[in-house]
Amino acid sequence: MLTKRIIPCLDIKNGRIVKGVNFLDIKDAGDPVELAKKYADTGADELVFLDISATEERRKTLIDLVRQVASTVNIPFTVGGGISSVEDVDILLRNGADKISINSSAVKNPDLINQIAAKYGSQCTVVAVDAKEINGEWMVHLVGGKVPTEIKLFDWAKEVEKRGAGEILFTSMNNDGTKDGFANEALGQLSDLINIPIIASGGGGTKQHFAEAFTIGKADAALAASVFHYNEIAIPDLKQFLKQQNIEIRI
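Residues numbered from 1 in each chain as written. Predicted model: local features only at pLDDT ≥ 70, side-chain atom pairs only at ≥ 80, totals over all residues. Heavy atoms only, no water.

Enquirer: When you look at the overall build of the chain in this model, what are you seeing that I'm missing?
Expert: Counting its regular elements, the chain contains 10 helices and 12 strands. Its C-alpha radius of gyration of 16 Å places the chain within 12% of the 18 Å reference for a compact globule of 251 residues. Expressed as lengths along the three principal axes of its C-alpha atoms, the size of the chain is roughly 45 × 40 × 35 Å. A burial count over the chain gives 57% of its 251 residues as buried. For the chain, the share of sequence-separated contacts (at least 6 apart) that also reach a separation of at least 24 residues comes to 65%. Treating the 28 positive side-chain charges of the chain as one cloud and the 34 negative ones as another, the clouds have centres 2 Å apart. (Helix = DSSP H or I, 4+ residues; strand = E, 2+ residues; numbered from the N terminus. Rg over C-alpha atoms; globule rule 2.2 N^0.38 Å. Buried < 20%, exposed > 50% of the residue type's maximum accessible area, 1.4 Å probe, protein only. Contact = heavy atoms within 4.5 Å. Lys, Arg positive; Asp, Glu negative; His and termini not counted. Charge placed at Lys NZ, Arg CZ, Asp CG, Glu CD.)

Enquirer: What exactly am I supposed to notice about unusual backbone geometry here?
Expert: Glycine aside, the phi torsion of most residues is negative, and most peptide linkages are trans. Positive phi is not limited to glycine here, since N135 has a value of about 50°. With respect to the helices, strands and loops of the structure, N135 is situated in the loop between β7 (125–134) and β8 (137–142). You can call N135 exposed: its relative accessible area is 79%. The backbone of K218 shows a phi angle near 55°, a positive value even though the residue is not glycine. By the secondary structure assignment, K218 is in the loop between α8 (207–215) and β12 (221–224).

Enquirer: Help me understand the pairing of strand β11 (residues 198–201) in this model?
Expert: Put simply, side chains in a regular strand alternate between the two faces of the sheet. Judged by which residues are buried, β11 turns out to be covered on both faces: I198 and A200 on one side and I199 and S201 on the other are all buried. Bridge count between strand β10 (residues 167–172) and β11: four bridges; the pairing is parallel. The residue bridging L169 from the neighbouring strand is I199, located in β11. For the segment spanning β10, helix α7 (residues 184–193) and β11, crossover handedness is right-handed. (Pairing = 2+ DSSP bridges. Right-handed = clockwise from strand over helix to strand, strands pointing away.)

Enquirer: Honestly, the state of the cysteines in this entry has me stumped. Any pointers?
Expert: Every disulfide links exactly two cysteines, by a covalent bond between their sulfur atoms. Within this structure, the stated rule accounts for zero disulfides. Left without a disulfide partner, C9 is nearest to the cysteine sulfur of C124, which lies 17 Å away. Its relative accessible area of 3% is what places C124 among the buried residues. (Disulfide = S-S within 2.5 Å.)

Enquirer: Just to check I follow, could you spell out the packing of α8 against helix α10 (residues 235–244) for this structure?
Expert: Helices that pack against each other are described as a pair by the angle of their axes relative to one another and the distance between those axes. Contact geometry of α8 with α10 gives a least axis separation of 10 Å together with a crossing angle of 50°. Considering the angle they form, α8 stands oblique to α10. Crossing handedness for the pair α8 and α10: right-handed. Contact residues: α8 offers K207, Q208, F210, A211 and F214, while α10 offers D237, L238, F241 and L242. (Axes fitted to C-alpha atoms, helices over the stretch in contact; angles between N-to-C directions. Parallel < 35°, antiparallel > 145°, perpendicular 65-115°, else oblique. Left-handed = near helix turned anticlockwise from the far one by under 90°.)

Enquirer: Explain the nonpolar core to me, please; I cannot follow it from the model alone.
Expert: Soluble globular proteins tend to pack their nonpolar side chains together in the buried interior. Judged by nonpolar contacts, the single largest core of 74 residues is most densely connected at F170, F210, F228 and L242. The next biggest cluster of nonpolar side chains, apart from the first, holds 10 residues, and it includes C9, V126, I199 and A221. (Core = buried A, V, L, I, M, F, W, Y, C linked by side-chain atoms within 4.5 Å.)

Enquirer: Would you explain the packing of helix α6 (residues 153–162) against α7 in this entry?
Expert: Running from N to C, α6 and α7 point in directions that differ by 35°, and their axes come no closer than 10 Å. As for the relative orientation of α6 and α7, their crossing is right-handed in sense. From α6, L153, F154, A157 and K158 reach across to α7, where they touch A186, Q189, L190 and L193.

Enquirer: Honestly, the environment of E87 in this entry has me stumped. Any pointers?
Expert: Considering the arrangement of structural elements, one finds E87 in helix α3 (residues 86–94). When the C-alpha positions of E87 and L190 are compared, they lie 31 Å apart, and in sequence the two are 103 residues distant.

Enquirer: How should I be thinking about helix α1 (residues 32–41) in this particular structure?
Expert: Because an α-helix packs 3.6 residues into every turn, residues spaced three or four apart end up facing the same way. Along α1, the residues that are buried comprise P32, V33, L35, A36, Y39 and A40. Projected onto a plane normal to the axis of α1, the buried residues spread over an arc of 165° and lie on a single side. Exposed positions of α1 whose direction lies more than 90 degrees from the buried face are E34 and D41. Of the residues flanking the end of α1, it is G43, one or two places downstream, whose phi is positive at about 105°. (Arc of directions from axis to C-beta.)

Enquirer: Please clarify how the pattern of salt bridges should be interpreted in this entry.
Expert: Side chains carrying opposite charge are able to pair once their charged atoms draw close together. All told, the structure shown has 14 salt bridges when counted by the stated rule. With a shortest N-O distance of 2.8 Å, D41 and K37 are connected by a salt bridge. Placement of the pair is D41 and K37 together in helix α1, with a separation of four residues, close to one helical turn. Taking relative accessible area as the criterion, D41 reaches 55% and is therefore assigned exposed. R94 is the partner of D90 in a salt bridge, and the nearest nitrogen-oxygen pair spans 3.0 Å. (Salt bridge = Lys/Arg side-chain N within 4 Å of Asp/Glu carboxyl O.)

Right, here's the structure in full:
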């Protein structure tokens, strides 16, 4: 059985880590290079860096910052935000990213998934999906959750897998920043529907929430931000707790 992964997320705006609730009310949460090193040193399995305003501001990801973070960590490092071409991916990989994450650009140009997977491999290609439950239906949103679409989460997940993505990073906008638990029902449905790994994002507030994402939600990895940034949950403590719940985890 594959071990489950714990992934801190660095949401970046203006070169700083930020965190909000339901994608709103953004607050400063620290220096990305310092926190990245801390997470790598304390047992995080991977790290995700999302330049959350790159798409909205119509600019590329912060390359210098990516390079600085990559030079301080020795764990797999995924970068997303403002990626709209194979050339963008090439620059990020040459500056230290191990995987890239595309979101809005994948919806606007689904062939980009095929192109990235064909050139760099599925293992490098993560598609992030921000979705909101509206009247019982999970709908995909773009540009940091600001732009609703008519695309249904489960339809899009199937297409993303078919086009060669190696992993889906699913963020529930309803749960994001609430610390009330992950969207386990939707996660479970996704897990039953597709065969590529799913990273659960949005709502982690307690150690038990992580356990439920892995058991009820059947997620392959769980991503969180503020509980790690503000020292509410220490990654070594979380991993010990999960191990005690008989969840396969790398200590």
